[in-house]
Amino acid sequence: MQVAIVAGEPSGDRLGAGLVRELRRRYPQLKVEGIGGPGMEDAGCHLLYDMDRIGVMGLDGLSEKLRDILAIRRDLTQRWSSNPPDVFVGVDVPDFNLGLEVRMRRRSVPCVHYVSPTVWAWRGYRIHKIRRAVSHLLALFPFEEAYYQKHGVEVTCVGHPMADEIGEPNPHAARQTLDLAGEPIVALLPGSRRSEVSRLAEPLVGAARRLLDRYPGIRFVLPFASPGVRQVFEEVSGDTSDLPLTILQGNARLALEAADVAVLASGTASLEAALLRVPHVVVYRLSAFSYWLMRRQRQVDHFAMPNHLLPEPMVPELIQHAATPDNIVDAVCAYLQNPHRMQVLRSEFAALHNDLHRDADSLAADVVATYLVR
């Protein structure tokens, strides 16, 4: 049996790795190939291309990579048309995967799309293409399952693998592991893509300096997704030797677990912080054109996923021009000066964690396996 799979970013690599590992546990002779990262490769996927070749955020960096991305998709279409897999799994990156899935379904290859495209949030017209492209959709969140059922798409909510991985957080142990002493501890997560890091480095460092003035005992922990991301951050931020800064290569989860408050780029990190019960502030900056386009096409008022999952939005969001050092400082101080608010938020995050803990790898593998055994 053969599975073809494509993921295009670190969060997708984690999802894909869990799915591949579970499928290979059930079917030891299963052949898996496609695009992914180190997690999927370690799980037993033969990588035809590294996921960095197709990973972009919105329109940022697309023009430089578009020719290569289209060539890769043509190559995969030809490869899997000549030797069709039993099932194709597209993990997120819908702008790449939906087009590939349409081509695969024309060749009678069933297609499972893992992570629902956010048509409920913006670019709602994509629902028509999703119906053509997807045999079965694996949604991470309960409200998405209801949305896609309403629009005639076969869907299963599998919960979120991070909710399965993350146990009861232990901030004290995390601080001991990182040898962090001080109060408060603030985690700074500028993102995993170079384009977003280049825009967020300056406001994050500026906010850190202002916070140090207010809280002389404060300590910061800054995990980088890759050496390239660290290089971009340091080029933009300049000398940070004046800051009490603990720099990590990877280990973002450990950094979050150790923190009293986090300031992080919009994306998967916000959900991860919520599952670790960490009050946080979401910041994000896009290119001017990408932001203009997003504002025209969005259908929701919030960016951070916890704000869609909580009974009411509780996570501050500082987007585009609002992502300034002063605004970040105000948002962090609003937490630190109100311990009751932080405790209420931690309780809401715990309830959210419980709702998303469903053994996602196993449920996702159940769906994919139905196509393998056919």
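Procedures and definitions
- Residues numbered from 1 in each chain as written.
- Predicted model: local features only at pLDDT ≥ 70, side-chain atom pairs only at ≥ 80, totals over all residues.
- Heavy atoms only, no water.
- Helix = DSSP H or I, 4+ residues; strand = E, 2+ residues; numbered from the N terminus.
- Patch = residues over 30% accessible without salt bridge, like charges linked within 9 Å, V, L, I, M, F, W, Y side chains within 5 Å.
- Areas by Shrake-Rupley, 256 points an atom, 1.4 Å probe, with all protein chains shown as cover.
- Salt bridge = Lys/Arg side-chain N within 4 Å of Asp/Glu carboxyl O.
- Lys, Arg positive; Asp, Glu negative; His and termini not counted.
- Charge placed at Lys NZ, Arg CZ, Asp CG, Glu CD.
- 1 Å grid on protein atoms, 1.4 Å probe; cavity = no way out; pocket = protein on both sides within 12 Å on 5 of 7 lines; lining within 4 Å.
- Points joined across faces, edges and corners; volume = space filled by probe spheres on them.
- Nonpolar A, V, L, I, M, F, W, Y, C, P; charged D, E, K, R; others polar.
- Core = buried A, V, L, I, M, F, W, Y, C linked by side-chain atoms within 4.5 Å.
- Buried < 20%, exposed > 50% of the residue type's maximum accessible area, 1.4 Å probe, protein only.
- Contact = heavy atoms within 4.5 Å.

1. Comments concerning the environment of Leu286
Here's step 1: Positionally, Leu286 belongs in the loop between strand S12 (280-284) and helix H13 (288-297).
Here's step 2: Along the backbone, Leu286 and His321 are 35 residues apart, and their C-alpha atoms lie at a distance of 9.8 Å.

2. Topic: a negative patch on the surface
Here's step 1: Residues Glu41, Asp42, Asp50 and Asp52 make up a contiguous surface patch of negative charge.
Here's step 2: Here Asp42 is to be found in helix H2 (residues 38-43).

3. Some remarks on empty space enclosed by the protein
Here's step 1: Inspection of every chain in the model, using the stated rule, returns 1 cavity of 30 Å³ or more.
Here's step 2: The calculated volume of the largest cavity comes to roughly 30 Å³.
Here's step 3: Across the lining of the largest cavity, the residue classes break down as 7 nonpolar, no polar and no charged.

4. What to know about the layout of surface pockets
Here's step 1: Of the volumes computed, that of the second largest pocket is approximately 150 Å³.
Here's step 2: If you trace the second largest pocket, you find 13 residues lining it, with Pro171, Ala259, Leu276, Arg277 and Arg346 closest to the centre.
Here's step 3: At the level of secondary structure, the elements contributing two or more residues to the lining of the second largest pocket comprise helix H8 (171-178) and helix H11 (252-258).
Here's step 4: A breakdown of the residues in the lining of the second largest pocket according to their chemical character gives 7 nonpolar, no polar and 6 charged.

5. A word on the nonpolar core
Here's step 1: Within the largest apolar cluster, 115 residues are counted, with the highest numbers of intra-cluster contacts made by Ile5, Leu19, Val89, Tyr114, Tyr148 and Val283.
Here's step 2: Ranked by residues supplied to this core, first place goes to helix H9 (residues 194-214) with 8 residues.
Here's step 3: Residue contacts for Tyr148: discarding those within four places in its chain leaves Ser116, Pro117, Val119, Ile127, Ile130, Leu137, Val153 and Val155.
Here's step 4: If you look at the next biggest cluster of nonpolar residues, it comprises 16 residues, including Ile35, Ile69, Phe96 and Cys111.

6. Quick look at unusual backbone geometry
Here's step 1: With an omega of -5 degrees, the peptide bond between Glu183 and Pro184 qualifies as cis.
Here's step 2: Considering the arrangement of structural elements, one finds Pro184 in the loop between H8 and strand S8 (185-189).
Here's step 3: Despite not being glycine, Asp92 shows a phi value in the positive range, around 60 degrees.
Here's step 4: With respect to the secondary-structure elements, Asp92 resides in the loop between strand S4 (87-91) and helix H4 (94-106).
Here's step 5: For Asp92, a relative accessible area of 17% gives the class buried.
Here's step 6: Its identity as a non-glycine residue notwithstanding, Val93 has a phi of 30 degrees, on the positive side.
Here's step 7: Residue class for Val93 comes out buried when judged on its relative accessible area of 12%.

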